[in-house]
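# Structural overview for review
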Amino acid sequence: MPTDMVEQIVYSRPESLLPVHTHYCPGCTHGVAHRLVAEVIDEMGVREDTIGVAPVGCSVFAYNYFNMDFAEAAHGRAPAMATGIKRVSPDKIVFTYQGDGDLASIGAGEILHVAGRGEGITVIFINNAIYGMTGGQMAPTTLPGQKTTSTPLGRDVEVHGFPLRMCEVLSQMDGAAYIVRRSLHDVANIRKAKKALRRAFEVQRMGLGFSMVELLSSCPTNWGIPPQEALGFIEQHMLPAFPLGDYKVHPAIGDGRRDGEQG
Amino acid sequence: MAKELLEGNRAFAEAAVRAGCEAYFGYPITPQTEALEHMAARMPELGRVFLQAESEVAAVNMVYGAACAGVRVMSSSSSPGVSLMMEGLSYIAGSEVPVVLVDVMRGGPGLGNIAPSQGDYNQIVKGGGHGDYRPIVLAPATVQELIDLTYEAFDLAEKYRCIVVVLTDGNLGQMMEPAELPPMRAVRAASERPAWALTGARNRKPNLISSIYIDPVKEEIFNQQLQAKQREIEAHEVRAREVLLDDADIGVVAFGTSGRIAYSAIQQARAEGIRVGLLRPISLYPFPYDHVRRLAETVRSILVVEMNSGQMLEDVRLGALGRVPIRFYGRMGGMTPMPDEILEEIRKLHAERGAGA
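A quick note: this is a predicted structure, and the numbers were derived from the prediction, not measured.

## Observations regarding the overall build of chain A
Helix and strand content of chain A: 9 helices and 7 strands. Principal-axis analysis of the C-alpha atoms gives chain A an extent of 65 × 50 × 35 Å. Among the 263 residues that make up chain A, the fraction classed as buried is 57%.

So this is what it looks like as structure tokens:
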């Protein structure tokens, strides 16, 4: 090797992510989402001022992977817990990391009101259209016809109702400052997701109100398909049901066009 | 500070303010809503946090979050609302963060009514939520005691990193009587929050506050530690008031409002020459079992009076261990016993003893 070559590190573990193995299944996008959140927190230089709230669900152990203060909430209650933390620590960055069952089912009341209040927290919403931790039951975001262990013949909307679109719902709240949906199914979309996460945390730092980034995610284990097909499932089946886009963007941070997504 | 005419609900809220309570989260429910209203006005004017939650479920989790951040925090509610808080209280107990809750009990079960009751004894004193834990439970009988116990509750909660419940009822919450408020304490500076609190991992390792131990071995070790703490609380925090028991043949055991009314009946019975006294448990957990044992060793019979079907009665039986006959008199569903009713029970016990002697 020529001696005049300078070693340049182009890729390393973010400081906000602990050097440990995760419990996530192969092909699961939780790891990608974790890394994006950690990179954004590193880039903003706020790791030591950030408090995370973990949910109940597959990401129940998120605090084992993030290198920052964390609380573990009851199922669905992370937004209420984060409210308590933020109200008495307004100078801290407070975020929750929640799955679709946690946020849109058992925690539907809490997420609605945290958005309505314009609580200055950031919510990372992982939507993979299924319950992961309990082994593949129907989620509030399960697609019509989708087979799960509690809808073995497929989700029959006559019986089980329709999937909830949380960005569309929460963007109606006056307190919401930044509500967007992104996807983690390919590199281009992962890059857009990271930009959105950065904006969401910036919205919080600027004190503009409630921010949420929904991330369409894969669950190959409980969908019963290989990882590569799972990414395809997001693209083919989830994107039409959950359109990507900016559902609410506070005027103070522009119209979001630079992020390349329109709601 | 001089005595003022104070309403129970507003009095305990102001006592909490003066104890340095930095945040209050609650939801309106009769008969405790005046406490929430007092906090709504008082906390913002002091630059502290008041937030009306969307439900008691959310309120208790906001309390949980604020407690994790290391501030003095409380909620107050009444029976149906407290039922909704049980999930959160179990998590709080499992995370060992200090929290104060005031339960202004009302008639039940179900929606019940808004009249005073002591029907939450089992739910509050025995734990309430899932798993093995007990909050410290303090039962005042006067507005003054409601103030004093609420004021002290914050110290106890922090000392043991546990839940302290002030268990009162609609009588005391709605009652006005002369009482003295304690001095104002400053809230803790943000820089003085406890080392375990979630304050941002600056120049230290991250703090985690959680009630999950996925490995049963570790969960059992945590439970053993929690139980050791419960034994410590039981050894140091028993409180009871004993009145006119020195020469008593009959011992009345009653807490809170019932204890206060029983005392009126006891004074009337004394005027009739009946040697009767009162044991009023103030700490319901830890329960004054030794006081009851001593009582059972000195009196010939015990009368337990409650505004429920006999929930504390079981603890009195455990303390007395069959040494003396125990009679129960209770009113339920929001009914408060009159002194005459209790006096009649005392007379009956006295007559039976006379006949047997």
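## Describing the packing of helix α2 (residues 78–88) of chain A against helix α4 (residues 108–116) of chain A
Residue and element names in this part refer to chain A. Packing of α2 against α4 leaves a shortest axis separation of 7 Å and a crossing angle of 40 degrees. As the angle between them shows, α2 and α4 are arranged oblique. Contacts from Pro 79, Ala 80 and Thr 83 in α2 reach Glu 110, Ile 111 and Val 114 in α4.

## Examining the pairing of strand β14 (residues 301–306) of chain B
Residue and element names in this part refer to chain B. In terms of residue burial, β14 counts as a mostly covered element, since 6 of its 6 residues are buried. Burial along β14 is two-sided: the face carrying Ser 301, Leu 303 and Val 305 and the face carrying Ile 302, Val 304 and Glu 306 are both buried. Pairing geometry for strand β11 (residues 250–253) and β14, over 4 bridges, is parallel. In the strand pairing of β14, Ile 250 is matched with Ser 301. Pairing of β14 with strand β15 (residues 326–330) involves 5 bridges; the strand directions are parallel. Bridging from a neighbouring strand, Val 304 pairs with Phe 328 of β15.

## Some remarks on unusual backbone geometry
All names here are of chain B. Cis geometry marks the peptide bond from Thr 30 to Pro 31, where omega comes out at 10 degrees. With respect to the helices and strands, the residue Pro 31 is situated in the loop between β2 (23–26) and α2 (33–45). For Glu 96, which is not glycine, the phi torsion reads 55 degrees and is therefore positive. With respect to the helices and strands, Glu 96 occurs in the loop between α4 (79–95) and β5 (99–105). For Glu 96, a count of 19 C-beta atoms within 10 Å gives the class partly exposed. We note that Asn 203 has phi near 55 degrees; this positive angle belongs to a residue other than glycine. Relative to the elements of secondary structure, Asn 203 occurs in the loop between β8 (176–179) and β9 (208–209). For Asn 203, a count of 6 C-beta atoms within 10 Å puts it in the exposed group.

## With respect to helix α1 (residues 8–18) of chain B
All names here are of chain B. Counting buried residues along α1, 9 of its 11 residues qualify, which places the element largely inside the surrounding structure. What α1 keeps buried is the set Gly 8, Asn 9, Ala 11, Phe 12, Ala 13, Glu 14, Ala 15, Ala 16 and Val 17. Looking at the residues trailing α1, positive phi occurs at Gly 20, about 90 degrees.

## Comments concerning the interface of chain A and chain B
In this complex, chain A contributes 28 residues to the contact, which on the side of chain B involves 32 residues. Every element with two or more residues in the side of chain A that touches chain B is listed here: β1 (50–54), β2 (69–72), α2 and α4 of chain A. When residues in the side of chain A that touches chain B are grouped by element, the largest group, 8 residues, is from α2(A). Tallied by class, residues from the side of chain A that touches chain B come to 13 nonpolar, 7 polar and 8 charged.

## With respect to the sheet that holds strand β10 (residues 240–243) of chain B
All names here are of chain B. The sheet built from 5 strands is open, its strands ordered β10-β12-β11-β14-β15 with mixed pairing. Pairing within the sheet leaves two strands with one partner each, and these edge strands are β10 and β15. Averaged over all neighbouring strand pairs, the angle between strand axes comes to 20 degrees, with direction disregarded. Where helix α9 (residues 256–271) meets the sheet, it contacts β10, β11, β12 (276–281) and β14, and its direction lies at approximately 170 degrees from that of β12. Against the sheet, helix α10 (residues 289–298) contacts β10, β11, β12 and β14, and its axis sits at roughly 165 degrees relative to β12.

## Observations regarding the confidence of the model for chain B
Confidence in the prediction for chain B averages 97 pLDDT; 99% of positions are at 70 or higher. Interface confidence for the predicted complex, given as ipTM, is 0.96, next to a pTM of 0.96.

## So, the sheet that holds strand β4 (residues 122–127) of chain A
Here 8 strands make up an open sheet; going across it, the order is β7(A)-β5(A)-β6(A)-β4(A)-β3(A)-β1(A)-β2(A)-β9(B) and the pairing mixed. A single partner strand is all that each edge strand has here, and the edge strands are β7 (245–249) of chain A together with β9 of chain B. Both β4(A) and strand β6 (residues 210–216) of chain A contribute to a ladder of 6 bridges, which runs parallel. From the neighbouring strand, Val123(A) faces β6(A), where its bridge partner is Met212(A). Those strands touched by helix α1 (residues 30–44) of chain A are β1, β4 and β6 of chain A, and its axis lies near 160 degrees from that of β4(A).

## Focus on the environment of Leu153(A)
Residues and elements named next belong to chain A. Note on placement: Leu 153 falls in the loop between β4 and α5 (157–160). With 8 C-beta atoms packed within 10 Å, Leu 153 lands in the exposed category. Sequence-wise, Leu 153 and Phe 201 are 48 residues apart; in three dimensions their C-alpha atoms are separated by 41 Å.

## Details of helix α6 (residues 143–160) of chain B
All names here are of chain B. Between the first and last C-alpha of α6 there are 25 Å, a value that for 18 residues agrees with the 26 Å anticipated at 1.5 Å per step. At Ala 153, α6 shows its largest kink, close to 30 degrees. For α6, the complete set of buried residues consists of Val 143, Glu 145, Leu 146, Ile 147, Leu 149, Thr 150, Tyr 151, Ala 153, Phe 154, Leu 156 and Ala 157. At the exit of α6 stands Arg 161, carrying a positive phi of roughly 45 degrees.

Reading the values: rules and limits
Here the residue index of a chain counts from 1 through its sequence in written order. The order in which chains are written sets their letters, starting at A; the order in which ligands are written sets their numbers, starting at 1. Selection of residues for local features in this predicted model requires a pLDDT of at least 70, selection of side-chain atom pairs for listing and counting requires 80 or more, and totals for whole chains, interfaces and linings are taken over all residues. In this description a helix means any DSSP run of H or I spanning at least four residues, a strand means any run of E spanning at least two, and both kinds are numbered starting from the N terminus. Once C-beta atoms are placed from the backbone, each residue is buried if 20 or more other C-beta atoms lie within 10 Å of its own, exposed if 12 or fewer, and partly exposed for counts between those two. In this description, a line fitted to the C-alpha atoms serves as the axis of each element, helices being fitted only across the stretch in contact, and the angle between N-to-C directions of two axes falls anywhere from 0 to 180 degrees. Put simply, angles under 35 degrees are roughly parallel, angles over 145 are roughly antiparallel, angles from 65 to 115 are roughly perpendicular, and the rest are oblique. A pair of residues counts as a contact when their C-beta atoms, built from backbone coordinates, are within 7 Å of each other. What makes two strands pair is DSSP finding at least two bridges between them. Amino acid classes used here: Ala, Val, Leu, Ile, Met, Phe, Trp, Tyr, Cys and Pro are nonpolar; Asp, Glu, Lys and Arg are charged; the rest, including Gly, are polar. Predictor confidence is given residue by residue as pLDDT, running from a minimum of 0 to a maximum of 100. Given a helix with a known number of residues, its expected span is that number minus one, times 1.5 Å. Bend is the name given here to the angle between axes fitted to two runs of seven residues, the run ending at a residue and the run starting at it.

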